Each structure stands twice: as C-alpha cells, then as structure tokens.
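Here's the letter readout for the chains.
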Amino acid sequence: MGELNMSKIKTLTCIFRSGSVQMPDPDPSMKPEQVKELYSANHQHLANAVVEGPSTQGDYMVYEFVPAPVKTKG
C-alpha cells in the first residue's frame, strides 16, 4: 500500500503594523479597513493611512498601515 500523506491546515493569525508598532487583530471577523477605523480612534495618524497586504511572515498574516501620500500644490 502507498504512504498516506496527512496534510495539516494551519490558521494564520493576523497582525497589523504601523511603522515599528505592532497591533493584534481585535476581531478575526473584521475586515482590515474596519480594524484601521477601530485603531484610528487611538492612533489618529491611521485615519488617512492605506492598508497594504497581507504578507505572510511565519505563522502571521501581516497588514501594514502605510501613511497616505502627502499632497502638495505644484
């Protein structure tokens, strides 16, 4: 008989980053934009940030809160 291949399904945990600050996922059922809105109440610079990702790093799915580009008159 052939060898049975038992694959495991691993659930990745989401984390959110803004620069060097790492924030846990407050609710796995929330979408990244909803998480940004929640965190922007205490981190006002996130209000205009853009959500990038996710990227996989080990057992984590990492979303980055990136500052929106600065608009200048020109």
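All figures in this text were calculated on a predicted structure; none of them were measured in a lab.

1. Brief notes about the environment of Glu64
Inspection of the secondary structure assignment puts Glu64 in strand β4 (residues 60-66). Owing to a relative accessible area of 26%, Glu64 belongs among the partly exposed residues under this scheme. In this structure, the C-alpha to C-alpha distance between Glu64 and Lys31, residues 33 residues apart in sequence, is 13 Å. The residues contacting Glu64, other than those within four sequence positions of it, are Arg17, Val50, Val51 and Glu52.

2. Comments concerning the nonpolar core
Counting residues in each nonpolar core, the largest one holds nine residues, listed as Cys14, Phe16, Met23, Val35, Tyr39, Leu46, Ala49, Tyr63 and Phe65. Going through the elements one at a time, β1 (13-18), α1 (32-40) and β4 are the ones with two or more residues in this core. What Cys14 contacts, discounting residues up to four positions off in sequence, is Asp25, Met61 and Tyr63.

The rules behind these values
- Residues numbered from 1 in each chain as written.
- Predicted model: local features only at pLDDT ≥ 70, side-chain atom pairs only at ≥ 80, totals over all residues.
- Heavy atoms only, no water.
- Helix = DSSP H or I, 4+ residues; strand = E, 2+ residues; numbered from the N terminus.
- Buried < 20%, exposed > 50% of the residue type's maximum accessible area, 1.4 Å probe, protein only.
- Contact = heavy atoms within 4.5 Å.
- Core = buried A, V, L, I, M, F, W, Y, C linked by side-chain atoms within 4.5 Å.

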